[in-house]
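# Breakdown of the fold
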Amino acid sequence: GVQLACMRPGSVADSTASGLARALGESSAAVARLSSSREKGRLRQLLLLSALSGAPAVAAKGRVPDRVMTKALLDEADREQARLRMLMDMHGLGPVGQGLVHVVQGFFANGLKAARLLTPRFCKWFGNYVDEEQVQAYSLLLEDMDAGRLPRLANAQASPMACRYYDLPDGASLREVFLHMRAEELFSL
């Protein structure tokens, strides 16, 4: 497995952000284990983590006085929303399922807006800890694909939307898309 050790909590806010992100990561892994198929479970785990990962950027929109930071947050929010759309497409979520994913993201974004009033660092740290959880989840998914435990995903082609977004050739594998998604999360840490 992947071992990330890029951040260590230092304050109460940082420790709380770390604990919450780890708990949510474990919860998403539990949801994955409860799924009827391993493939659906891994995709659900990534969907939940992606919705959580986008919440800090959504919470910060229009609230950051620094123009450079605002642009960075908006760019990150756009990337998170693109990944979320691709994951919802891969999972085959209909309008109701997509709505539920956005409700979860909105719930966390509103919670982070409130937390931001108390300690602005919490949101940044929480987002980074959730990104770590996502990198680990993508790594586990890729390991499962390579080991043959996710045959439908391993043999699937990327959607035209994913090929356009990541500038991949038509007919690229879904594995290539997941590698790009993991790299984006890794570089956002």
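In this text, all values refer to a predicted model and were calculated from it rather than measured experimentally.

Basis of the calculations
- For every chain, the first residue of the written sequence is number 1, and numbering continues from 1 along that sequence.
- Reporting of local features is limited, given that this is a predicted model, to residues whose pLDDT is at least 70; pairs of side-chain atoms are given and counted only at 80 or more, and all residues count toward the totals for whole chains, interfaces and linings.
- Only heavy atoms go into the side-chain values, all of them from the structure, while hydrogens and water stay out.
- A pair of aromatic rings is counted whenever rings of Phe, Tyr or Trp (Trp by its six-membered ring) have centres within 6.5 Å, and the orientation is called stacked for planes under 30 degrees apart, edge-to-face for over 60 and tilted otherwise.
- We define a salt bridge as a contact between a side-chain nitrogen of Lys or Arg and a carboxyl oxygen of Asp or Glu at a distance within 4 Å.
- Secondary structure elements are taken from DSSP: a helix is a run of H or I of four residues or more, a strand is a run of E of two residues or more, and numbering for both begins at the N terminus.
- The buried label applies to any residue whose accessible area, calculated with a 1.4 Å probe on protein chains only, is under 20% of its type's maximum; exposed applies above 50%, and partly exposed to all values in between.
- Under the counting rule used here, the positive set is Lys and Arg, the negative set is Asp and Glu, and His together with the chain ends is not counted.
- N or O atoms within 3.5 Å of each other form a polar contact, as long as, within protein, one can give a hydrogen and the other can take it, and as long as residues adjacent in sequence are counted only when both atoms are side-chain atoms.
- The predictor reports its confidence for every residue as pLDDT, a score running from 0 up to 100.

### Brief notes about the packing of aromatic side chains
Evaluation of the coordinates by the stated rule reveals four aromatic pairs. Ring geometry for phenylalanine 107 and phenylalanine 108: centres 5.4 Å apart, planes at 90 degrees, overall edge-to-face.

### Some details on the pattern of salt bridges
Tallied over the entire structure, the rule returns 10 salt bridges. Taking the shortest distance from any N to any O, the salt bridge between glutamate 132 and arginine 22 comes out at 2.8 Å. Of this pair, glutamate 132 sits in helix α5 (residues 120–146) while arginine 22 sits in helix α1 (residues 12–34), and the two are 110 residues apart along the sequence. Here aspartate 144 and arginine 149 are joined by a salt bridge, their closest N and O atoms 2.8 Å apart. The class of aspartate 144 is buried, set by a relative accessible area of 3%. Among the residues examined, arginine 149 registers a relative accessible area of 41% and is labelled partly exposed. Sharing partners across several salt bridges, the network here consists of Arg38, Arg42, Asp144 and Arg149.

### A look at the side chain of aspartate 131
Along the chain, the position of aspartate 131 falls in helix α5. Although aspartate 131 is buried, it makes no salt bridge; arginine 83 carries the closest opposite charge, 5.8 Å away. Among the polar contacts made by the side chain of aspartate 131, one reaches the side chain of serine 53 at a distance of 2.6 Å.

### Looking at the confidence of the model for the protein chain
In the predicted model, the protein chain carries a mean pLDDT of 84, and the fraction of residues at 70 or more is 86%. The weakest mean pLDDT in the protein chain belongs to helix α3 (residues 67–91) at 79; the strongest belongs to helix α7 (residues 160–165) at 93.

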